[in-house]
Amino acid sequence: KKLVSEKKGPKVEHIFSDTLSSEANGVANIIAEKSKEGISYKDMAILIRKNSQAEPFMQALNVKSIPYKFSGSYGLYSRSEIRILLSFIDAVCDAEDSLSLFHLITSEVYGVDMQDAIHLSSSASRENKTLEEKLENTGLSVDESTMSKIKTINDDLKTFREDMQISTAGQVIYSFLKDTGYLSKLTKEAKENASIDLKIQNIAKFFERVMDFEYVSRDKGLMNLKNELDLLIEAGDDPATAEVDPDIDAINIITVHKAKGLEYDIVFMINLVDGDFPARRRSEQLEIPPELIKERLPEGDFHIQEERRLFYVAMTRARKELYLTFGEDYGKKRLKKVSPFVLEALDLPKIESKKKKIEKIELIKKFEKTSIPETAKQFYNGGILNLSPHQIDDYISCPLKFKYIHILKIPVIKHHAVIYGSAIHNAIGEYFVRRINKMQVSLEDIVKVYENAWVSEGFIHRQHEKERFEQGKIALKHFFETQEEESRLPSLIEEKFGFVISRGDLKVKVNGRYDAVYQGKISSLPASTDSGGKPTEIRDFKTSDISDQEKADDNAKKSRQLSIYALSYKEMNGGIPEILTLHYVDTGVVGKSERTEKDLEKTEEEIFKVAEGIVQNDFEAVPGYGECARCAYKDICSFRESK
């Protein structure tokens, strides 16, 4: 089949280089020239066959200070902010690791002068001491400022090592970030420098790895985390960094598979050599006997046909210009041959063009230090804005808190109330699921779910945790006995919902889930309510200690979450639920409320106000004594208000 383009444009270019470095440098040079011609970086893309091919091209772009976005990004452990955390872990866990301690004390956390640090390190080496032993010496020949920093370092090492005995790895690392003021420093700088947001998001990414470790490890201590990280890093593990803002003007480095459906003005297909594209065929791990295959298989080499189709997909990502690049020397024992697909695409028997070589000065410049501004990924990047009831609440209480939680994802130690509430909710959910499905359920069953969901984190002390744990079992016993006496069951439990509201070009989708929805007879229905059919109750379970009926009713009336539930029910079912309730599990008190059309109009207006603020990137702090006192970020926020 011969395809002919309807559009007229420049011919497909092919670039033959002697080495991989020459190939990467040649691509970077062309991109720099195209940029001077007025073409945006984001309208150009480098298509790779596998993630490992990206590194030389990223280096070449760095040399020319050309920004890029890599969809298959890795390199979390090489980020400066993560190297600080790794140095901290190594230094605390190994008193003889002088190199890690050197990196830690000269980092932005402690800021020991580099000249002083080198002098101390050299002196320790001459005296056959570790750097830590040298820092413990009171007679150091350094100025007063450095001596003060060294005292802080010595005190911190002692404190964090003591903390290791009673705290999980994540808790120790978080204490380091908070107690040294490093996290507070970053959040303050982020106000003036958007690139700092990316540092915070990378720290949050690192904490995701720590959480994964704690989830599967019996020993959740820092020493065990260090051992696991050492093994993973030695094996080549290097997680992805936080995603950059997709709207920034930067070169797209993306795999061919991920590029399906995307188009760019200029496309570079790189490393087009035999063995990489087409990739070598892997033998089937389990060969299927031909007689078991009912479908008619294509004739010829199926693997090559698939690779050829993929090559075609890559070529057709280019709207205006296409460059096919390949080299000869990729650092292997044998020289590489050009991909047969290139010859097919160009309709050439062989490549006769002169090999491009990198200038020696360009090779040296690869080691030049460069700085490319980075911008963290934003919450909203166009299209429909997705929000949850909790996110709406967070933004209204404080836009900066919303940013900390949902954009930067700053790690915090979970509050004990969250741990307690989550465990209770899991147990209640299990109870209703079994009852609805006509399965046997006992008090012991739901208590076991409660126990399995319990996490020993965020409590004031051991006794406090024990008291809360026992209080939860008492609350579940009361809940179980009350529910067993009640004949009705919810028709829906933990049911997801989603609805879209629009205003002009702004579309907002609110996603969430109801704790429980009851339909039918409602004994607690206010006398003024006219259901006009099967009345509906939406109930939310709470673990606050509310025993006063009037207070419970007032809370239900003011609950924005219940208002959003009512709005969602109206949008999805065409009517407002007759009653909305808050069931306080600890006391058994149920707060009751209703919503009117006017109430829901007010709720909708609040949602649009939140959406407009997020779209405009308005995350200004709204300090208030009550809200700041309850905020999980009060220790790192420079805007907090106190009496």
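The present account deals with the structure reproduced in this document. (Residues numbered from 1 in each chain as written. Predicted model: local features only at pLDDT ≥ 70, side-chain atom pairs only at ≥ 80, totals over all residues. Heavy atoms only, no water.)

With that out of the way, let us pick up the overall build of the chain. The helix and strand tally for the chain stands at 23 helices and 12 strands. When contacts within the chain are restricted to residue pairs at least 6 apart in sequence, long-range pairs at least 24 apart make up 75% of them. Carbon and sulfur atoms form 48% of the exposed surface of the chain, whose accessible area is close to 35500 Å². (Helix = DSSP H or I, 4+ residues; strand = E, 2+ residues; numbered from the N terminus. Contact = heavy atoms within 4.5 Å. Areas by Shrake-Rupley, 256 points an atom, 1.4 Å probe, with all protein chains shown as cover.)

We now examine the side chain of R488. Tracing the backbone through its elements, the reader meets R488 in the loop between α19 (462-485) and β8 (492-503). Here E486 takes part through its side chain, which lies 2.7 Å from a polar atom of the side chain of R488. At 2.8 Å, the side chain of R488 and the side chain of E537 are in polar contact. (Polar contact = N/O pair within 3.5 Å; in protein donor to acceptor, adjacent residues only side chain to side chain.)

A large share of strand β11 (residues 579-584) lies buried, amounting to 6 of its 6 residues. Sheet topology places strand β10 (residues 536-542) next to β11; 6 bridges connect them, and they run parallel. Paired with E537 across the two strands is I579, which belongs to β11. Across 4 bridges, the pairing between β11 and strand β12 (residues 590-593) is antiparallel. (Buried < 20%, exposed > 50% of the residue type's maximum accessible area, 1.4 Å probe, protein only. Pairing = 2+ DSSP bridges.)

The next subject is the pattern of salt bridges. Per the counting criterion, the structure on display carries 38 salt bridges. Close ionic contact of K50 with D276 constitutes a salt bridge, the shortest N to O distance being 3.6 Å. In this pair, K50 sits in the loop between β2 (44-48) and α2 (54-63) while D276 sits in the loop between β5 (264-269) and α12 (302-315), placing the two residues 226 residues apart along the sequence. Residue classification places K50 among the partly exposed residues on the basis of a relative accessible area of 41%. A relative accessible area of 13% means that D276 is categorised as buried. Where R161 meets E132, a salt bridge forms, and the shortest distance between an N and an O atom there is 2.6 Å. (Salt bridge = Lys/Arg side-chain N within 4 Å of Asp/Glu carboxyl O.)

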